[in-house]
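Architecture at a glance
Okay, here's what each chain looks like letter by letter:
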Amino acid sequence: MNLSFEFVIEDTRWDAQNLAEIGARVGTSLSEHLTFPEDASAVVMACDDAVITLLNKDFRGKPQPTNVLSWPSADLASDVAGQVPNFALNPELGDIALSFETCTGEAEAAGLAISDHVSHLLIHATLHLLGYDHIEDTDAELMEQIEIDVLAKLGIFNPYDINDETQ
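First, a word on scope: everything that follows refers to the structure included in this document.

Scoring rules and cut-offs
Residues numbered from 1 in each chain as written. Predicted model: local features only at pLDDT ≥ 70, side-chain atom pairs only at ≥ 80, totals over all residues. Heavy atoms only, no water. Helix = DSSP H or I, 4+ residues; strand = E, 2+ residues; numbered from the N terminus. Buried < 20%, exposed > 50% of the residue type's maximum accessible area, 1.4 Å probe, protein only. Contact = heavy atoms within 4.5 Å. Areas by Shrake-Rupley, 256 points an atom, 1.4 Å probe, with all protein chains shown as cover. Axes fitted to C-alpha atoms, helices over the stretch in contact; angles between N-to-C directions. Parallel < 35°, antiparallel > 145°, perpendicular 65-115°, else oblique. Left-handed = near helix turned anticlockwise from the far one by under 90°. Nonpolar A, V, L, I, M, F, W, Y, C, P; charged D, E, K, R; others polar. Core = buried A, V, L, I, M, F, W, Y, C linked by side-chain atoms within 4.5 Å.

Some remarks on the overall build of the chain
- Secondary structure assignment for the chain yields 5 helices and 4 strands.
- Mapped in sequence order, the helices and strands of the chain form the string β-α-β-α-β-β-α-α-α.
- For the chain, the spread of C-alpha atoms along the principal axes amounts to about 40 × 40 × 30 Å.
- Evaluated residue by residue, the chain yields a buried proportion of 44% over its 167 residues.
- A sequence separation of at least 24 residues applies to 71% of the contacts in the chain between residues at least 6 apart.
- Carbon together with sulfur atoms contributes 49% to the accessible area of the chain, which is approximately 8,800 Å² in total.

Pasting the structure below:
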């Protein structure tokens, strides 16, 4: 089943980034790698640092901007570190927020196309919606490998290997 993203644009600077196209590509690639419930979707709020700072403070107790936040509709985490999370039964996977300044700043600092960085962040946040995490090393390895594999399908280099020659 194919995953779709619904974008809610809170900061018009995102309009130039073709988020719908990025989301369609990411949804297709993720769907080729993972199994989703029929009509699986996530809502993505494309906002700015001011909004994401408030969200980060309210939900994580961290009063600073961040690149992406996610709120899963269900707790799908496995009880055993390094194991695949439980299957999502609810097609509404949850919500994601992306901050314009932080995302574009990180992309520029790393010499990445913003579309590549946003693709990675959408993949990363979607994996969180599906119960993946990176707190324990074995969980991080599992999550990062999925990110690397899906990004490779999109022609995007491994963000965890600074020596990756496919850049």
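Looking at the packing of helix 3 (residues 100-110) against helix 4 (residues 114-129)
- Running from N to C, helix 3 and helix 4 point in directions that differ by 120°, and their axes come no closer than 9 Å. It follows from the interaxial angle that helix 3 and helix 4 lie oblique. Between helix 3 and helix 4 lies a crossing whose hand is right-handed. Residues Cys 103, Thr 104, Glu 106 and Ala 107 of helix 3 form the contact with helix 4, whose participating residues are Ile 114, His 117 and Leu 121.
- Of the residues contributing to the contact of helix 3 with helix 4, the split by class is 4 nonpolar, 2 polar and 1 charged.

So, helix 3
- Buried within helix 3 we find Phe 100, Thr 102, Cys 103 and Ala 107.
- Packed against the buried residues of helix 3 are strand 2 (41-47), helix 2 (49-60), strand 4 (92-99) and helix 4.
- Immediately downstream of helix 3, the backbone of Gly 111 shows phi near 70°, a positive value.

Brief notes about the nonpolar core
- The biggest cluster of nonpolar side chains holds 39 residues, and the ones touching the most others in it are Phe 5, Ile 96, Leu 98 and Leu 122.
- Counting residues per element, the ones that place at least two in this core are strand 1 (4-9), helix 1 (19-33), strand 2, strand 4, helix 3, helix 4 and helix 5 (137-153).
- Per-element accounting of this core gives the leading share, 8 residues, to helix 4.
- Those residues in contact with Leu 98 that sit more than four places away from it in its chain are Trp 14, Val 44, Met 45, Ala 46, Cys 47, Ile 52, Asn 67, Val 68, Cys 103, Val 118, Leu 121 and Leu 122.
- Core analysis: the second largest hydrophobic core is formed by 5 residues, Cys 47, Ile 52, Leu 55 and Leu 69 among them.

Structural notes on the environment of Ala 46
- By the element assignment, Ala 46 lies in strand 2.
- Separated by 32 residues in the primary sequence, Ala 46 and Trp 14 have C-alpha atoms spaced 6.7 Å apart.
- In this view, Ala 46 contacts Val 8, Ile 9, Glu 10, Asp 11, Trp 14, Leu 19 and Leu 98; residues no more than four positions away in its chain are not counted.

Examining the packing of helix 1 against helix 5
- Interhelical geometry of helix 1 versus helix 5 gives an angle of 125° and a closest axis separation of 9 Å. In this view, helix 1 runs oblique relative to helix 5, as classed from their interaxial angle. Classified by chirality, the crossing of helix 5 by helix 1 is right-handed. For the pair helix 1 and helix 5, the contacting residues are Ser 29, Leu 30, Glu 32 and His 33 in the first and Ile 146, Asp 149, Val 150 and Lys 153 in the second.

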